[in-house]
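The residues making up each chain are set out below.
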Amino acid sequence: MKKENLPSKICLVCNRPFSWRKKWEKVWEEVKYCSEKCKRNKKG
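Definitions and limits used
Residues numbered from 1 in each chain as written. Predicted model: local features only at pLDDT ≥ 70, side-chain atom pairs only at ≥ 80, totals over all residues. Heavy atoms only, no water. 1 Å grid on protein atoms, 1.4 Å probe; cavity = no way out; pocket = protein on both sides within 12 Å on 5 of 7 lines; lining within 4 Å. Points joined across faces, edges and corners; volume = space filled by probe spheres on them. Nonpolar A, V, L, I, M, F, W, Y, C, P; charged D, E, K, R; others polar. Salt bridge = Lys/Arg side-chain N within 4 Å of Asp/Glu carboxyl O.

Draft legend 1. Highlighting the layout of surface pockets. Taken as a whole, the largest pocket encloses approximately 220 Å³ of empty space. Around the largest pocket, the lining residues are Arg21, Lys23, Trp24, Val27, Glu30, Val31, Lys32, Tyr33, Cys34, Ser35, Glu36 and Lys39. Residue composition of the lining of the largest pocket, by class: five nonpolar, one polar and six charged.

Draft legend 2. Inspection of the pattern of salt bridges at higher detail. Across all of its chains, the model carries one salt bridge by this definition. Among the salt bridges present, the one from Glu25 reaches Lys22, with a minimum N-O distance of 3.0 Å.

Given below as structure tokens:
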């Protein structure tokens, strides 16, 4: 798959777009944050 055809989402913390990664292949539907830093800084 070409890079420009990868799915993307918007991070719930920083509101920046991020693209699909191989490590998220099986859990893409559950991914909400672009990084561990954003995951730690979520408002709960």
